[in-house]
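Working through the structure, step by step
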Amino acid sequence: MAPLTQSPGPTSLALTSPAFADGDPIPREHTCRGEDVSPPLAWRGVPAGTAALVLFVDDPDGRDWVHWSVLDLPGSDGGLPRGVAPTADPPQQGRNDFHRVGYGGPCPPSGNHHYRFTLYALAAPLGLAGHPDGAAVRAALGRATVLAKVTLVGTFRA
């Protein structure tokens, strides 16, 4: 896997996927033109003092369209398997901008889009109830103490 964009600091937080490398195309099976299932992800180097991890996936080329949020994961090295079901519990998943709980893969109407899979290491869980939408998750992240973050970027062309 290629090196990833990482926040400054002493942490070595890393986020990878066996499905695609940083900056590479996201395979069709993880898009609306395929099975539309979430890609497998793995992380390591979670900093000491991390109480929770949050994964937030958005498309900056599509007005920051929210594709997936996974909240308050254990604050340790780990990952998510391919095809996390919307009904899975755990993990707690938010409502995406397709108005569905769970993962909604790339589905741009035109052009080449970039999809940011950002993993946040937090000093405390967000503690949001139910299946919050992207705006609620963004607001909670804005108030949170972020110990580290790392971003894996995939692309998809319509």
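As the structure is a prediction and not an experimental result, all values here were calculated from the model.

Each value, and the rule that gives it
- Residues numbered from 1 in each chain as written.
- Predicted model: local features only at pLDDT ≥ 70, side-chain atom pairs only at ≥ 80, totals over all residues.
- Heavy atoms only, no water.
- Helix = DSSP H or I, 4+ residues; strand = E, 2+ residues; numbered from the N terminus.
- Buried < 20%, exposed > 50% of the residue type's maximum accessible area, 1.4 Å probe, protein only.
- Contact = heavy atoms within 4.5 Å.
- Pairing = 2+ DSSP bridges.
- Axes fitted to C-alpha atoms, helices over the stretch in contact; angles between N-to-C directions.
- Salt bridge = Lys/Arg side-chain N within 4 Å of Asp/Glu carboxyl O.
- Arc of directions from axis to C-beta.
- Disulfide = S-S within 2.5 Å.

Digging into the environment of Asn112
- Structurally, Asn112 can be placed in strand β8 (residues 112-122).
- Overall, the relative accessible area of 31% leaves Asn112 in the partly exposed class.
- The sequence separation of Asn112 and Asp61 amounts to 51 residues, and the corresponding C-alpha distance is 8.2 Å.
- Not counting the four nearest positions on each side in its chain, Asn112 is found in contact with Asp61, Thr155, Phe156 and Arg157.

What about the sheet that holds strand β2 (residues 14-16)?
- The sheet built from 3 strands is open, its strands ordered β2-β3-β6 with antiparallel pairing. Sheet topology places β2 and β6 (78-80) at the edges, where each strand pairs with a single neighbour. Geometrically, the sheet is characterised by an average inter-axis angle of 15° between neighbouring strands, direction not taken into account.

Description of the pattern of salt bridges
- Tallied over the entire structure, the rule returns 6 salt bridges.
- The residue Glu29 makes a salt bridge to Arg82 at a minimum N-O spacing of 2.8 Å. Within this pair, whereas Glu29 is found in the loop between β2 and β3 (41-44), its partner Arg82 is found in the loop between β6 and β7 (92-93), the two being separated by 53 residues in sequence.
- Judged by relative accessible area, Glu29 falls into the partly exposed class, the value being 29%.
- Relative accessible area serves as the criterion here: at 38%, Arg82 is assigned to the partly exposed category.
- Among the ionic pairs, Arg82 bridges to Glu35, the shortest N-O distance being 3.0 Å. In this pair, Arg82 sits in the loop between β6 and β7 while Glu35 sits in the loop between β2 and β3, placing the two residues 47 residues apart along the sequence.
- One network of salt bridges, with partners in common, ties together Asp58, Asp64, Arg116 and Arg138.

Observations regarding the environment of Ser76
- Inspection of the secondary structure puts Ser76 in the loop between β5 (65-74) and β6.
- Sequence separation between Ser76 and Thr50 is 26 residues; the distance between their C-alpha atoms is 7.4 Å.
- Residues in contact with Ser76, not counting those within four places in the same chain, are Trp43, Val46 and Leu53.

A look at helix α1 (residues 134-143)
- Along α1, the residues classified as buried are Gly134, Val137, Ala140 and Leu141. Buried residues of α1 fall within an arc of 130° about the axis and therefore sit on the same side. In α1, the exposed residues that point more than 90 degrees away from the buried face are Ala135, Gly142 and Arg143.
- Each element contacted by the buried residues of α1 is listed here: β4 (52-59), β5, β8 and β9 (146-157).

Considering the state of the cysteines
- In this structure the tally under the stated criterion is 1 disulfide.
- Linked covalently through their sulfurs, Cys32 and Cys107 form a disulfide whose S-S length is 2.1 Å. Looking along the S-S bond of the Cys32-Cys107 disulfide, the torsion reads about 80°, which is the right-handed sense. You can see Cys32 sitting in the loop between β2 and β3 and its partner Cys107 sitting in the loop between β7 and β8, a full 75 residues away along the chain.
- With a relative accessible area of 30%, Cys32 lands in the partly exposed category.

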